[in-house]
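Descriptive structure summary
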Amino acid sequence: MKRPATEGLTVRVKSTSRALLLCGVLWLAACDSAIGPQGGTGTAGAGSGAAGDVGSTGSAGTMGGAGTTGTAGTTGSAGATGTVGAAGATSTAGSGGSAAGRGGAAGSGPAGRGGTTMGAAGTTARGGNVGATGSAGNVGTAGAGGSADVCTRWKADRADLSEGTWTGDVTSCTPGDIGVTARANALRLVNLYRSLAQLPAVVTDPTRDAQDQACALMMRANNTISHTPPTTWTCYAADGATAAGSSNVSSGRAVSSVDLYMIDSGNATTIGHRRWILSNSLGPIGIGGTDKASCMWTLSGTGKAGKAWTAWPAPGQIPLQAVSPRGTTVDMTGWSVQSDGINLANAQVTVTVDGTAQPVTVTQLDANYGSKYAIRFNPTGWTTQAGKTYSVAISNIPTAINYDVQIVDCP
């Protein structure tokens, strides 16, 4: 595919007490900005900045699948007719009907007919036995999906947000590593968001992890983040430069930056970081980090999710904490809808809550940041609240899009 023109994605992400600088990518993009001495965002080229990493949040669990109802059982068949009694003897009883299948209504076979009498001495033959009653079917397991299940996944997946200890060194240009636990924590957050958006999980690739580790070292050594690091940079490495052009890059640490990519402050024309994480093609990814900078490989994925469209916040139950994980909210940066096949160029958006339309401002987003088409829409005069259901209708496009977002509180 022909690569679009180089374009930057410099963003300043503010949380409750500190700032981070993020760089997202189109296919190849430039984003040169200084990293502050504690890992925060410095003014471009200055190197002085606010404090480093954003603090972590709580965690939770997945929505269970719907339980299956027990299969309807068959009614017991009728008892066989008793044989005719011989003279003076009783006929053998007819056999009972078969038991009902699992889950069936309790059925009973009708009684077998009695044998006819034979001769004066013969007694009347006994009737066939009554068909056995079908046993009650097992009830299907109740389907999961209540707010408790969503919150359980959210909390469980965020129980450990530790960043690990970087083992690299700038002086010797040693990339080091952040450790298995920290990388798993960052990957788990990526897959938590993808699960909420009904997208398949992704895995990391060791080669891309190593390249992103070299990328993060260069950002750390030069106190600047860039998608096109020059060969004159301290600790320059070809693998690191390749990763820089294929990754979301942050002046924050690997785990905390995942939340910030999903909020994506400062990217009003692209929402590029979020769109790459929620792209159909994502995976396998790479994750590398230091104590002040990190890189996450998002381009050239082989994923084939094939979703017609993806929204954030997504349809279904979404934790309030996912809409505002670190102080800055999606209301501020914009709800988004992206698609590889539905042209959203003329989209009109209506959001309804409790039967009342809520005003929004719609903005077209630049193409090819994780999806071919995308829009964002920002609430005007209202904010997302727990306990509310937001019905979104997108019209004036080739295929209309309609979905409901139910916001639940997962404290």
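In what follows, the structure referred to is the one given above.
Residues numbered from 1 in each chain as written. Predicted model: local features only at pLDDT ≥ 70, side-chain atom pairs only at ≥ 80, totals over all residues. Heavy atoms only, no water.

Turning to the side chain of Gln 211, a few remarks are in order. Along the chain, Gln 211 turns up in helix α3 (residues 206-222). Judged by its relative accessible area of 12%, Gln 211 is buried. (Helix = DSSP H or I, 4+ residues; strand = E, 2+ residues; numbered from the N terminus. Buried < 20%, exposed > 50% of the residue type's maximum accessible area, 1.4 Å probe, protein only.)

Take the sheet that holds strand β10 (residues 316-319) next. Taken in spatial order, the five strands of this open sheet run β10-β17-β16-β12-β13, and their pairing is mixed. Looking along the sheet, the strands with just one partner apiece sit at the ends: β10 and β13 (356-358). Going from strand to strand, the sheet's axes swing by 35° on average, the running direction of each strand aside. Sheet analysis places strand β12 (residues 348-353) next to β13, joined by three bridges and oriented antiparallel. Counterpart to Thr 352 in the pairing with β13 is Ala 357. (Pairing = 2+ DSSP bridges. Axes fitted to C-alpha atoms, helices over the stretch in contact; angles between N-to-C directions.)

This part is about the sheet that holds strand β14 (residues 360-364). Read across the open sheet, the four strands follow the order β9-β11-β15-β14; overall the sheet is antiparallel. Of all strands in the sheet, those bounded by a partner on one side alone are β9 (310-312) and β14. Sheet twist, expressed as the average angle between the axes of neighbouring strands with direction ignored, equals 15°. As judged from the five bridges shared by β14 and strand β15 (residues 373-379), these two strands associate in the antiparallel manner. Note that in β15 the partner of Val 362 across the bridge is Phe 377.

The tally for this structure, following the rule as stated, stands at seven aromatic pairs. Both rings, one in Trp 335 and one in Trp 382, keep their centres 6.2 Å apart while their planes meet at 70°; by these two values the pair is edge-to-face. Placement of the pair is Trp 335 in strand β11 (residues 335-339) and Trp 382 in the loop between β15 and β16 (389-395), with a sequence separation of 47 residues. Each of the two residues, Trp 335 as well as Trp 382, counts as buried. Here the aromatic rings of Trp 335 and Tyr 390 are separated by 5.7 Å at their centres, their planes lie at 65°, and the arrangement is edge-to-face. Of the two residues, Trp 335 is situated in strand β11 and Tyr 390 in strand β16; the sequence distance between them amounts to 55 residues. Here Trp 335 and Tyr 390 have matching classes, each one buried. Taken together through their ring pairs, the aromatic side chains of Trp 335, Phe 377, Trp 382 and Tyr 390 make up a single cluster. (Phe/Tyr/Trp six-rings, centres within 6.5 Å; stacked < 30°, edge-to-face > 60°.)

Moving on: the environment of Thr 383. With respect to the secondary-structure elements, Thr 383 resides in the loop between β15 and β16. For Thr 383, the contacting residues outside a window of four places in its chain are Asp 331 and Tyr 390. (Contact = heavy atoms within 4.5 Å.)

This paragraph deals with the state of the cysteines. Enumeration over the complete set of coordinates arrives at three disulfides. Disulfide pairing places Cys 151 opposite Cys 410 at an S-S distance of 2.0 Å. Sign of the S-S torsion, about -75° for the bond between Cys 151 and Cys 410, identifies this disulfide as left-handed. Here Cys 151 is found in helix α1 (residues 147-157), whereas its partner Cys 410 is found in the segment after β17 (401-408), with 259 residues between them in sequence. Residues Cys 151 and Cys 410 agree in their burial class; the two are buried. At a sulfur-sulfur separation of 2.1 Å, the disulfide partner of Cys 173 is Cys 235. Torsion about the S-S bond of the Cys 173 and Cys 235 cystine: about -80°, corresponding to left-handed handedness. Of the two residues, Cys 173 sits in the loop between α1 and α2 (180-196) while Cys 235 sits in the loop between β5 (224-225) and α4 (238-244), which places them 62 residues apart along the sequence. Since its relative accessible area comes to 33%, Cys 173 is described here as partly exposed. (Disulfide = S-S within 2.5 Å.)

A few words now on helix α5 (residues 254-263). An α-helical turn contains 3.6 residues, so any two residues separated by three or four positions project in the same direction. Of all ten residues that make up α5, ten are buried, and the element is covered over most of its length. Of the positions making up α5, those classed as buried are Ala 254, Val 255, Ser 256, Ser 257, Val 258, Asp 259, Leu 260, Tyr 261, Met 262 and Ile 263.

Once that is clear, we can look at the pairing of β12. Side chains Val 349, Val 351 and Val 353 project from β12 onto a buried face, and the interleaved Gln 348, Thr 350 and Thr 352 project onto a face without burial. Two strands pair when backbone bridges link them, and β12 and β16 are joined in this way by five bridges, in the antiparallel orientation. Within the sheet, the bridge partner assigned to Thr 352 lies in β16 and is Ser 391.

Moving on to the environment of Asp 404. Topologically, Asp 404 is positioned in strand β17. The spatial distance from the C-alpha of Asp 404 to the C-alpha of Tyr 390 is 5.5 Å, given a sequence separation of 14 residues. Ignoring anything within four residues of it in the chain, the contact list for Asp 404 reads Pro 315, Gly 316, Thr 389, Tyr 390, Ser 391 and Val 392. Of the polar contacts made by the side chain of Asp 404, one reaches the side chain of Ser 391; its length is 2.8 Å. (Polar contact = N/O pair within 3.5 Å; in protein donor to acceptor, adjacent residues only side chain to side chain.)

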